[in-house]
Amino acid sequence: MGPHPAVAAIRLAVRRALHDVLTDLTDRPAPAPRVGRPGRAPGAFDASGRPGAPGGAAPRHVLPDGAPLVLVACSGGADSMALASALAFEAPKLGIRAGGITVDHGLQAGSDLRAAEVVSRMTALDLAPVESVAVRVGRDGGPEAAARDARYAALDEAADRLGAVAVLLGHTRDDQAETVLLGLARGSGTRSLSGMAEVSGGPGEPGARGRSHRYRRPFLQVDRQTARKACMVQSLAVWDDPHNIDPAYTRSRLRHEGLPALEKALGKGVVEALARTAQLSRDDADALDSWAAEAESGVRDEDGRLECAKLYALPPAVRRRVLRRAVVAAGSPAGSLFARHIEEVDRLITGWRGQGAINLPGRVEAQRQGGRLVIRQG
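Residues numbered from 1 in each chain as written. Predicted model: local features only at pLDDT ≥ 70, side-chain atom pairs only at ≥ 80, totals over all residues. Heavy atoms only, no water.

Looking only at helices and strands, the chain features twelve helices and ten strands. Split into buried and exposed, the 378 residues of the chain put 46% on the buried side. For the chain, the computed accessible surface area is about 19,000 Å², with 52% contributed by carbon and sulfur atoms. (Helix = DSSP H or I, 4+ residues; strand = E, 2+ residues; numbered from the N terminus. Buried < 20%, exposed > 50% of the residue type's maximum accessible area, 1.4 Å probe, protein only. Areas by Shrake-Rupley, 256 points an atom, 1.4 Å probe, with all protein chains shown as cover.)

Moving on: the packing of aromatic side chains. The description of an aromatic ring pair uses the distance of the two centres, along with the angle that the planes make with each other. Applying the stated criterion across every chain yields a total of one aromatic pair. Ring geometry for Tyr152 and Tyr215: centres 5.0 Å apart, planes at 85°, overall edge-to-face. With Tyr152 in helix H4 (residues 143-162) and Tyr215 in strand E6 (residues 215-216), this pair connects stretches of sequence that are 63 residues apart. Given a relative accessible area of 8%, Tyr152 falls into the buried group. The lysine or arginine in question, Arg11, covers the ring of Phe89, its NZ or CZ lying 3.6 Å from the ring centre. (Phe/Tyr/Trp six-rings, centres within 6.5 Å; stacked < 30°, edge-to-face > 60°. Lys NZ or Arg CZ within 6 Å of the ring centre and 35° of its normal.)

Let's shift gears to the sheet that holds strand E3 (residues 130-134). Note on sheets: strands pair through backbone hydrogen bonds, and any given pair is parallel or antiparallel. In space, the six strands of this open sheet follow the order E3-E2-E1-E4-E6-E5, with mixed pairing throughout. The sheet terminates laterally at E3 and strand E5 (199-200), the two strands that pair on one side only. Pairing geometry for strand E2 (residues 97-104) and E3, over five bridges, is parallel. Each bridged residue has a counterpart across the sheet, and for Asp104 the counterpart in E3 is Ala134. Of the strands in this sheet, strand E1 (69-73), E2 and strand E4 (164-168) are in contact with helix H2 (residues 78-90), which crosses E1 at around 160°. (Pairing = 2+ DSSP bridges. Contact = heavy atoms within 4.5 Å. Axes fitted to C-alpha atoms, helices over the stretch in contact; angles between N-to-C directions.)

Two elements in contact, helix H5 (residues 173-185) and helix H9 (residues 270-296), have axes separated by 8 Å at closest approach and are oriented at 70°. Judged on the interaxial angle alone, H9 and H5 are roughly perpendicular. You can see that H5 and H9 cross each other, and the crossing is left-handed. Of H9, the residues touching H5 (which contributes Arg173, Asp174, Gln176, Ala177, Val180 and Leu181) are Val271, Glu272, Leu274, Ala275 and Ala278. Within the contact of H5 with H9, the residues separate by chemical class into seven nonpolar, one polar and three charged. (Parallel < 35°, antiparallel > 145°, perpendicular 65-115°, else oblique. Left-handed = near helix turned anticlockwise from the far one by under 90°. Nonpolar A, V, L, I, M, F, W, Y, C, P; charged D, E, K, R; others polar.)

Attention now moves to the environment of Gly170. When you line up the elements, Gly170 lands in the loop between E4 and H5. Note on Gly170: relative accessible area 15%, which makes it buried. Residues Gly170 and Val222, spaced 52 residues apart in sequence, show a C-alpha to C-alpha distance of 9.8 Å. Once you skip the residues sitting within four places of it in the chain, Gly170 turns out to touch Asp79, Leu83, Asp175 and Phe219.

If you trace the backbone, Arg214 turns up in the loop between E5 and E6. In this structure Arg214 touches Asp156, Ala159, Asp160, Val165, Ala166, Val167 and Ser200, once residues within four positions along its chain are discounted.

Before going further, it helps to spend a moment on the pairing of strand E10 (residues 372-377). The pairing of strand E7 (residues 306-307) with E10 spans two bridges and is antiparallel. By the bridge assignment, Leu306 is partnered in E10 with Leu373. As paired strands, strand E9 (residues 364-369) and E10 are joined by six bridges and run antiparallel to one another. Across the sheet, residue Gln369 finds its bridge partner in E10, namely Arg372. The turn linking E9 back onto E10 is made up of two residues, and Gly370 within it adopts a positive phi angle of 55°.

With that settled, the discussion passes to helix H3 (residues 111-124). The α-helix winds at 3.6 residues per turn, so residues separated by three or four positions along the chain end up facing the same way. Here H3 spans 20 Å end to end across 14 residues, near enough to the 20 Å set by a 1.5 Å rise per residue. Taken together, the buried residues of H3 touch E1, E2 and E3. Positive phi appears at Asp126, one or two residues downstream of H3, with a value of about 70°. (Expected span 1.5 Å × (residues − 1).)

Once that is clear, we can look at the pattern of salt bridges. Any two side chains of opposite charge can pair, given that their charged atoms come close. All chains considered together, the criterion is met by 29 salt bridges. A salt bridge links Lys93 to Glu90; its shortest N-O distance comes to 3.5 Å. Residue Arg161 is joined to Glu157 by a salt bridge in which the shortest nitrogen-to-oxygen separation is 2.8 Å. You can see Arg161 and its partner Glu157 sitting in helix H4, four residues apart, about one turn around the helix. Given a relative accessible area of 44%, Arg161 falls into the partly exposed group. Each of Asp175, Glu178, Arg224, Arg251 and Arg255 takes part in one network of salt bridges that share partners. (Salt bridge = Lys/Arg side-chain N within 4 Å of Asp/Glu carboxyl O.)

Structure follows, in structure tokens:
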């Protein structure tokens, strides 16, 4: 008897992601074969779908130290626990070591105890290494953005220190739909409407030196209910973060009020449609980004300065991407640079009336001088 359909779905999604990881590692030696006595892989499930081996004895298989390490970022919620269980089941069969990281944001009383419990649950799945990392959450960009930045910084540090080739994240199709709606509400461009990428380098995409393929999101085509069902049939304990139902958080309001209202007005299928929109927008954004990268060299003079007349001749979507690339290269943080900033810079090209310099995040300024666009830190 095969696994429950929900369990089969999450395992298939993780298996595909791990195959992609191995494909990206083709320039490295192939993973050594799994060693150890035959039987269930770590985190395997019995016929009833429960983790473990018959008689309660969980056999541990030891993979060589040279085998690639993939980590799961696990909060203890249903999505990430389902991901952890699927990684524990699939990774050893591909010669991959599977570990886990949980981040303690310190935003709730007893968060350290909950993090310790998540470590225990991941250890029970035979993930190794398993760590809890405490972070201090700042205030820049609001509570949600600050927590996200602190979390990714901790995951980056852990992946670097442990030598992990990838970190799996439990974002689902529902999370993707919410991300698209948040981007739409901000009046953002195509890139923001493309939501989360299946493969990325974190918030500051594409990622710094070798990190551009670090983060993998296997569940972007899996709905939240499937992940929760997979946990239930495997008897995996999960923790429901109270922040996820706190109306003080924008995403929580969207999840519990906005999306249900849209489904009531437009019918079922809104989440799936928004996820498709994300993929279509990402394809368009990738094509435009490639066009902008090729066009940039053609709009600079022999000294490397941007020529306003040549910029004006570009299609607006391509021109604004060239401007954004130039502003980021000058030192403006990508995460703090919004569409309105680029629109102001664009007006130096398309609506020139002798206006002064434009101040941008990161103490970068843009101004027009003698038919050239000068972008530099001041």
